[in-house]
Every structure is written in structure tokens, then in C-alpha cells.
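# An overview of the molecular structure
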Amino acid sequence: MEKKIGRDEQSVKTMLAEETRKAEDKKKELLLEAKEEILRQKSESDKEIRDRRSEVTRLERRVTQREETLDKKYDNLETREESLNAKYKDAERLEEEAREALGKQQLELERISNLTMEDARQILIDRIQKEAYHDAAVIVRDIESRAKEDGDKRARNIVALAIQKVAADHVAETTVSVVALPNDDMKGRIIGREGRNIRTLETATGVDLIIDDTPEAVIISGFDPVRREVARIALEKLIMDGRIHPARIEEMVEKARKDVDNQIREAGEQAVFETNLHGIHPEIVKILGRMKYRTSYGQNVLKHSIEVSHLAGIMAAELGADVALAKRAGLLHDLGKAIDHEVEGTHTAIGADIARRFHETEAVIHCILAHHNDVEPTTVEAVLVQAADAISASRPGARRESLENYIKRLDKLEEISNSFEGVEKSFAIQSGREVRIMVKPEDVNDAGTLILAKEIVKRIEREMEYPGQIKVNVIRETRAIDFAK
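Residues numbered from 1 in each chain as written. Predicted model: local features only at pLDDT ≥ 70, side-chain atom pairs only at ≥ 80, totals over all residues. Heavy atoms only, no water.

If you look at the biggest cluster of nonpolar residues, it comprises 27 residues, and the most contacted ones within it are Leu-331 and Ile-354. Breaking this core down by element, the ones donating at least two residues are helix 6 (246-275), helix 7 (282-290), helix 8 (301-319), helix 9 (323-332), helix 10 (347-357) and helix 11 (362-370). If sequence neighbours within four positions are ignored, Leu-331 has contacts with Ala-271, Val-272, Thr-275, Leu-277, Ile-280, Leu-288, Met-291, Ser-305, Ile-306 and Ser-309. Membership of the second largest hydrophobic core comes to 26 residues, among which are Leu-238, Ile-244, Met-252 and Val-253. (Core = buried A, V, L, I, M, F, W, Y, C linked by side-chain atoms within 4.5 Å. Buried < 20%, exposed > 50% of the residue type's maximum accessible area, 1.4 Å probe, protein only. Helix = DSSP H or I, 4+ residues; strand = E, 2+ residues; numbered from the N terminus. Contact = heavy atoms within 4.5 Å.)

As C-alpha cells, this is what we get:
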């Protein structure tokens with residue numbers, strides 16, 4: 001037993017010695033690897049340091065070169081600045097000498113001519129202005145006389161034929177609608193308890209209801225004709241039905257709105273059918289139908305658009321232009337008026353945007369923009385649409401306006417005419433479609449009357465709004481008076 005224990009101890013010692021030796025070998029191996037890694041990292045660090053030193057040296061060399069270059073440039077700039085300063089002083093000296101010489105010359109000229117420089121300049125300007133004024137008047141008169149001789153007869157025939165074919169009556173402009181009542185007791189039912197019925201109706205339709213002493217009638221007031229029509233239909237349905245309360249009012253307003261939408265669509269389709277046009281977008285047709293309820297100076301805009309389409313088509317056929325384009329542009333030229341109370345901008349710009357949105361051609365869009373000279377017309381069709389619009393608006397019976405606007409227009413015409421030098425009297429006649437101007441013969445010559453008429457026309461176009469066109473007639477009369485004794 002003891003021998004066995006001794007052998008085991010000896011074996012353990014041997015194993016410990018062996019493990020100790022292996023551990024020492026492993027330690028030496030790890031130390032060797034660590035030293036090699038340290039040497040490798042040191043070598044890499046030395047290499048990186050050398051590279052960085054080289055880069056720093058190169059950058060220092062470049063900075064030094066830049067500094068030398070900048071120093072040279074700075075020296076050159078200083079030299080040039082000194083040179084420019086010297087030249088500037090020389091230029092100032094020469095300018096001062098020239099100014100003194102010019103002043104002496106002017107004084108000498110004024111002494112010789114007995115005129116100041118301002119007086120001489122004004123005399124020269126007046127002389128050139130008078131000569132140019134006279135020459136321009138002669139040229140304009142000659143051009144106009146030749147053009148009138150060639151074009152008046154044919155233009156008169158074309159316009160007369162077009163008007164004769166399409167002339168139609170138009171309704172008067174109004175901002176109110178009247179609904180008849182079966183009796184005056186119905187007014188109380190429309191108002192309702194504490195006014196709830198009338199408030200509901202006004203809120204739902206966006207118009208004002210005027211219930212006053214007018215026997216058996218209610219007045220609907222509003223500037224939006226579509227809303228006014230919706231209110232009129234709804235109120236008539238309520239009166240026929242007899243049941244008037246807020247819920248029923250809202251129901252009838254909704255039905256009336258659908259009825260008006262159908263009428264608008266049918267009116268647009270009828271306009272397209274009357275003008276025999278095809279391929280117009282359904283949304284444009286609907287917008288056209290809205291113009292049935294839009295008026296301008298008493299002229300129904302939808303009927304006016306149809307009339308312009310026919311007029312432009314007839315004149316285009318006479319002149320050999322594109323009839324289809326002229327008719328299409330004529331029908332769509334006032335498209336913007338259907339929604340100009342809802343959208344900012346002129347009706348020409350709004351109409352052009354609508355046409356562009358629904359893929360109308362650029363030729364049609366140009367005609368829409370040009371019919372009030374917002375842009376210069378560049379096609380024959382654009383000029384024809386412009387002319388057709390003026391004919392439809394200015395022919396007798398086409399438009400009406402309120403007495404107040406009529407009087408203001410007459411006063412403004414005479415005020416503009418009297419503001420020009422040489423005018424003795426002016427008279428607005430033909431319901432404001434013509435103004436006759438008497439000039440002083442000693443102040444305005446025959447050639448000057450033509451220029452004066454042009455200037456008055458330009459100012460009227462710039463400062464006034466009016467339907468159709470206004471004729472400006474300048475009259476110069478020289479009277480010789482003597483007495484037989």
C-alpha cells in the first residue's frame with residue numbers, strides 16, 4: 001500500500017514537472033509573439049510618421065511658394081494702384097479744365113445770342129415738336145384715308161350681313177327675383193316662428209329675402225344669379241307644397257339645386273348644338289350653361305357668346321379664315337364670366353385658364369386672351385372674335401345700363417374731352433356712344449384735329465369702362481363774320 005502511494009506521488013510529481021515545463025515553453029512562445037507584434041507595430045508607426053513628415057514638408061513647401069506668389073501679386077497691385085491714382089488725378093484735372101472751357105463757351109454763346117441755354121433748348125424742342133406733330137398728322141391722315149377707301153365698303157357689307165343674320169333681343173340685367181304669393185298670410189309662414197324659416201332659407205341659398213309691404217310678393221335679392229334661381233325655385237316649391245319648416249326648406253333647396261344643375265347642363269348643350277361645335281369638354285359645357293344666369297349691362301352672356309360665335313364664323317367665312325376656330329373661340333371667349341365672382345382675376349385670364357385646363361388649343365386660348373387686348377392679337381381669328389364681341393355688345397338693343405351709370409358715363413366723356421388744350425366745348429350724344437368736340441380754330445389746325453382725336457380716344461380707353469365702342473368726332477370750324485351797312 002505504501003509502495004503504491006509512493007508510486008502515485010512520484011507520478012504526480014512527474015506530471016507537475018511536465019506541466020510546469022510546458023507552461024514555461026508556452027510563456028516563452030507568447031513572449032516571443034508579443035515582441036514580434038511590438039516590433040511590427042513599431043515599424044508601421046515609424047513608416048506612418050515618416051509619411052506624415054514627408055506630407056508636412058510638402059505642404060510647407062507649397063505654402064511657402066503661395067506666400068511668395070502672393071507677395072509678388074501684392075507688389076504688382078501696389079504698383080498698379082499708384083499708377084491708377086496718378087491717372088485718376090490727371091483725369092480729374094482734365095475734366096475740371098474741360099468744364100471750365102465749356103462754361104466759358106456757354107457764357108460766350110449766351111452773350112452773343114442773348115439767350116440762356118434753357119431758352120435755346122426750349123426753342124429747339126418746340127420747333128422739332130411742331131414739325132414732327134405736323135408731319136405725323138399728315139402721314140396718319142394719308143394712311144387712314146387710303147385704308148378707309150379700300151376697306152370701308154367691304155367691312156360694312158360683312159358686318160351688316162353678320163348682324164342681320166344673328167341679331168336677337170336680350171333680357172335686362174337684374175339682381176332681384178320676385179316670387180308671387182297666393183295671399184299675404186303666406187309671408188308669416190315664410191318668416192316662421194322667431195324668423196327661423198327665413199333664416200334657414202337665406203343660409204341654405206346664400207341670398208337675401210325681402211318681405212315688405214309689396215302685396216302678395218316676396219323679393220329675392222342676390223348678386224349670384226345661380227343662387228338666386230335656386231332660391232326662387234325652392235320658394236315656389238315650398239309655397240305649392242304648403243309645408244314650410246327648416247327640414248323641409250333644406251330638402252327643397254337641395255332639389256332646386258339639382259334642378260338648376262340640370263338646367264345649366266341643358267343650356268350648355270343647347271349652346272353647343274346651336275353653334276354646331278363638337279369635342280368640347282363636358283366641364284366646359286357645364287360652365288357655358290352657367291352663363292345662362294349671367295348678364296352684363298343687361299345682355300345675357302350665354303346668348304351674347306352664341307351670337308359672337310355666329311358673327312365670328314360668318315366673317316371668317318367671308319375672309320377665308322378658319323371658320324371652326326373662329327366659332328369655337330367666339331363661343332368660349334367670355335367663359336371666365338361664369339365664375340369671375342368666385343375666382344380672382346379678369347374674366348379673360350380666368351377663361352384662358354379654364355380652356356387650358358380642359359385641353360383647348362393654343363389658338364382658342366389666344367383668342368380668349370386677346371378679345372379685350374389683354375394680349376396683342378396675332379391671328380386673323382383673334383381679331384374677328386374681338387370684332388364680333390364689339391358688334392354684339394354695341395349693336396342697338398343689345399345692352400342696357402342703369403340711369404346712374406349712364407349719366408356718369410356721359411359726364412366722364414365730356415370731362416375727358418374738355419381737359420385737352422384747345423377744346424372749346426364737348427357734347428356726349430347717341431346715349432354716350434359718340435362725343436362731339438368743338439375746338440378753337442386759332443389753337444388747333446386741321447392736322448392737329450386728327451392727333452387730338454387719337455389722344456382723346458387713348459385716354460377714354462385707359463380711364464373708362466363702357467359697352468361697345470365710342471365715336472370721337474373732333475370739329476374745327478372757322479367763321480368769317482362781317483356786317484353790311
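Text resumes after the structure shown.
This part covers the sheet that holds strand 7 (residues 434-439). Overall, mixed pairing links the three strands, which are arranged 6-7-8 in an open sheet. Strands at the two margins of the open sheet, each flanked by one partner only, are strand 6 (423-429) and strand 8 (471-476). Averaged over all adjacent pairs, the angle separating strand axes in this sheet is 20 degrees, with direction ignored. As defined by bridge partners, strand 6 adjoins strand 7 across six bridges and the pair is classed as antiparallel. Pairing of Lys-425 across the sheet is with Met-438, part of strand 7. (Pairing = 2+ DSSP bridges. Axes fitted to C-alpha atoms, helices over the stretch in contact; angles between N-to-C directions.)

Side-chain direction in a regular strand flips from residue to residue, so the side chains alternate between the two faces of the sheet. Two strands pair when backbone bridges link them, and strand 7 and strand 8 are joined in this way by six bridges, in the parallel orientation. The residue bridging Val-435 from the neighbouring strand is Val-472, located in strand 8.

Scope: geometric values only; no functional claims are made or implied.
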